[in-house]
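# Summary of the model geometry
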Amino acid sequence: MKLRGLYAITDSQLLAGKFLSYVEAALEGGVTLLQYRDKSSDEARRLREAEALRNLCERYKTHLIINDDAELAARLNVGVHLGQTDGPLSPTRALLGSKSIIGSTCHAQIELAQQAAKEGASYVAFGRFFNSNTKPGAPTCSLDLLDEAKRALHLPICAIGGITLDNAAPLVAHGVDLLAVVHGLFGADSTAEVTRRARAFNELFKS
Ligand SMILES: Cc1ncc(COP(=O)(O)OP(=O)(O)O)c(N)n1
Ligand SMILES: Cc1nc(C(=O)O)sc1CCOP(=O)(O)O
Ligand SMILES: [Mg+2]
């Protein structure tokens, strides 16, 4: 499977009251990976929402990724994204099996990405590249790192953090395979605008 294109990430506050309609609008425009990111501890809601997203993703042939929670990912038979403090990769790979998508946050450190690759990650994520509404305190990362990452790694590279249609093109030009976006996609005023943005992000991979 080719991991290249828009990686849409949900945000429970931003999408309150319009969760499924905005996600469906993004899928309509084309999404390679959809991450369910909910930092609450409301297990019942998390299961309900993740199941709803899995159904939508099946309809649109998009891969669902659960943030942080390998147990929930295993329960739904979908992928997972793990940060550096979210648990070890190797046992997660054993839990989910060889075909599941597992992503790893590597901040601005190639060594973390090399380690993640050894432990079975499917893609590695670097960031944050720009000012982020969603996670303003995330460590920063520069475009130069991408050139080194392309040389050193043989895995799809994901960029995250403050990505919008106005700043994404240089990331793709520096070899990024996946553009992970929350606000730059779902911060739109209407479902039509979400779909337009999703299409426009995908267009960046065609030139
Ligand atoms: C695609 C992608 N990249 C990075 C992250 C950040 O993961 P993490 O550092 O674990 O932080 P939280 O998202 O859990 O707050 C991500 N979720 N997705
Ligand atoms: C969840 C997350 N992780 C980051 C990292 O750098 O690891 S930046 C980030 C937030 C991404 O949201 P937005 O597109 O709104 O900036
Ligand atoms: Mg995490």
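As the structure is a prediction and not an experimental result, all values here were calculated from the model. (Residues numbered from 1 in each chain as written. Chains lettered and ligands numbered in written order. Predicted model: local features only at pLDDT ≥ 70, side-chain atom pairs only at ≥ 80, totals over all residues. Heavy atoms only, no water.)

## Points about the pairing of strand E2 (residues 33-36)
Side-chain alternation along E2 places Leu33 and Gln35 on one buried face and Leu34 and Tyr36 on a second face that is also buried. Direction of pairing for strand E1 (residues 5-9) relative to E2: parallel, over a ladder of 3 bridges. From the neighbouring strand, isoleucine 9 faces E2, where its bridge partner is glutamine 35. This β-α-β element, E1 to helix H1 (residues 19-29) to E2, shows right-handed connectivity. Sheet topology places E2 next to strand E3 (residues 63-67); 4 bridges connect them, and they run parallel. If you follow tyrosine 36 over to E3, its bridge partner there is isoleucine 66. A crossover connection joins E2 to the parallel E3 through helix H2 (residues 43-60); in handedness this β-α-β unit is right-handed. (Buried < 20%, exposed > 50% of the residue type's maximum accessible area, 1.4 Å probe, protein only. Helix = DSSP H or I, 4+ residues; strand = E, 2+ residues; numbered from the N terminus. Pairing = 2+ DSSP bridges. Right-handed = clockwise from strand over helix to strand, strands pointing away.)

## Looking at the environment of glycine 29
Mapping glycine 29 onto the fold places it in helix H1. Along the sequence, glycine 29 and arginine 196 sit 167 residues apart, while their C-alpha atoms lie 6.6 Å from each other. Setting aside residues no more than four positions away along its own chain, glycine 29 makes contact with Thr195, Ala198, Arg199 and Asn202. (Contact = heavy atoms within 4.5 Å.)

## Looking at the UniProt feature "binding site: Mg(2+)" (unreviewed entry) in the protein chain
When the UniProt feature table is mapped onto this chain, "binding site: Mg(2+)" (unreviewed entry) is found at Asp68 and Asp86. Spatial clustering of the annotated residues is evident: they stretch over 19 residues in sequence, but the largest pairwise C-alpha distance comes to 5.8 Å. Lining residues of the largest pocket drawn from the annotated set just named are Asp68 and Asp86. Of note, aspartate 68 is situated in the loop between E3 and helix H3 (70-76). Judged by its relative accessible area of 22%, aspartate 68 falls in the partly exposed class. Among the polar contacts listed, one links the side chain of aspartate 68 to the side chain of asparagine 67, at a separation of 3.3 Å. Considering the arrangement of structural elements, one finds aspartate 86 in the loop between strand E4 (79-82) and helix H4 (89-96). (UniProt positions renumbered as here; feature names shortened; annotations may be inferred. 1 Å grid on protein atoms, 1.4 Å probe; cavity = no way out; pocket = protein on both sides within 12 Å on 5 of 7 lines; lining within 4 Å. Polar contact = N/O pair within 3.5 Å; in protein donor to acceptor, adjacent residues only side chain to side chain.)

## Quick word on the environment of alanine 94
Positionally, alanine 94 belongs in helix H4. On the basis of relative accessibility, which here comes to 66%, the residue alanine 94 falls in the exposed class. Separated by 26 residues in sequence, alanine 94 and glycine 120 place their C-alpha atoms 9.3 Å apart.

## Re the coordination of the magnesium ion (ligand 3)
The protein atoms that coordinate the magnesium ion (ligand 3) are Asp68 (OD) and Asp86 (OD), at distances of 2.0 to 2.1 Å. Taken together, the positions of aspartate 68 in the loop between E3 and H3 and aspartate 86 in the loop between E4 and H4 put the pair 18 residues apart, joining distant regions of the chain. (Donors = N, O, S within 2.8 Å, 3.2 Å for Na, K, Ca; no water.)

## Digging into the sheet that holds strand E8 (residues 178-181)
Strand pairing in a sheet relies on backbone hydrogen bonds. The paired strands run either parallel or antiparallel. One closed barrel accounts for 8 strands, arranged E1-E2-E3-E4-E5-E6-E7-E8; its pairing is parallel. This sheet shows a mean twist of 25 degrees between the axes of neighbouring strands, independent of strand direction. Where E4 and strand E5 (residues 102-105) come together, 3 bridges link them in parallel fashion. By the bridge assignment for E5, valine 80 is matched with isoleucine 102. (Axes fitted to C-alpha atoms, helices over the stretch in contact; angles between N-to-C directions.)

## With respect to the environment of alanine 198
Within the secondary structure layout, alanine 198 lies in helix H9 (residues 191-203). For alanine 198, a relative accessible area of 0% puts it in the buried group. A C-alpha to C-alpha distance of 9.8 Å links alanine 198 and valine 181, two positions 17 residues apart in sequence. Discounting chain neighbours no more than four positions away, the residues touching alanine 198 are Leu6, Ala26, Gly29, Gly30 and Leu185.

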